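# Descriptive structure summary
Here's the letter readout for the chains.
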Amino acid sequence: MDDGEGCAYILDGGMACGAERRAGSSYCPAHDARCHIPPGSAAERRVLREAEALANAVGGRRGRASRLPPDPFLRRLDRIARPFS
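Fair warning: this is a prediction, and the values are worked out from it, not measured in the lab.

Each value, and the rule that gives it
Residues numbered from 1 in each chain as written. Predicted model: local features only at pLDDT ≥ 70, side-chain atom pairs only at ≥ 80, totals over all residues. Heavy atoms only, no water. Helix = DSSP H or I, 4+ residues; strand = E, 2+ residues; numbered from the N terminus. Contact = heavy atoms within 4.5 Å. Phe/Tyr/Trp six-rings, centres within 6.5 Å; stacked < 30°, edge-to-face > 60°. Buried < 20%, exposed > 50% of the residue type's maximum accessible area, 1.4 Å probe, protein only. Salt bridge = Lys/Arg side-chain N within 4 Å of Asp/Glu carboxyl O. Polar contact = N/O pair within 3.5 Å; in protein donor to acceptor, adjacent residues only side chain to side chain. Expected span 1.5 Å × (residues − 1).

## A look at the overall build of the chain
Secondary structure assignment for the chain yields three helices and zero strands. Tracing the chain from N to C terminus, the helices and strands come up as α-α-α. In the chain, the share of contacts with a sequence separation of at least 24, taken over all contacts with a separation of at least 6, comes to 19%.

## Things to note about the packing of aromatic side chains
With the rule as written, the count across this model stands at one aromatic pair. With a centroid separation of 6.2 Å and 75° between ring planes, the pair formed by Tyr9 and Tyr27 is classed as edge-to-face. One end of the pair, Tyr9, is in the segment before helix H1 (29-35); the other, Tyr27, is in the segment before H1, and 18 residues separate them in sequence. Residue classification places Tyr9 among the partly exposed residues on the basis of a relative accessible area of 21%. A residue is classified by how much of its surface remains accessible, and Tyr27, at 22% relative accessible area, is partly exposed.

## Section: the pattern of salt bridges
Enumeration according to the criterion identifies two salt bridges in this entry. One salt bridge connects Asp32 with Arg22, and the closest N-O pair in it is separated by 2.8 Å. Note that Asp32 is positioned in helix H1 and Arg22 in the segment before H1, a separation of ten residues in sequence.

## Here we look at the side chain of Asp32
Classification of Asp32 by relative accessible area gives buried; the value is 10%. Only 2.8 Å separates the side chain of Asp32 from the side chain of Ser25, close enough to count as a polar contact. Those residues in contact with Asp32 that sit more than four places away from it in its chain are Arg22, Ser25 and Tyr27.

## Overview of helix H2 (residues 42-57)
Helix length check: H2, at 16 residues, gives a terminal C-alpha distance of 22 Å against a target of 22 Å (1.5 Å per residue), a fit within 8%. Directly after H2, the chain includes Gly59, whose backbone phi takes a positive value near 105°.

Set out below in structure tokens:
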């Protein structure tokens, strides 16, 4: 990580940010905060709730093998995930 390059966060134009990196990260402090969820934070709890909602919608941790899901199910899954994104 100590290769002398700047922040690796990709901006809208497709170029890397290039600002000075935070120690131990590939990103500057602002982009590091965007890309990493602090343990125990509200953001972490939100991500865990999203993962649990999606797992419940598709049958838990070990869903059974089946054919491709029907369109109504995929729309329902999208509605469940939308509030978390």
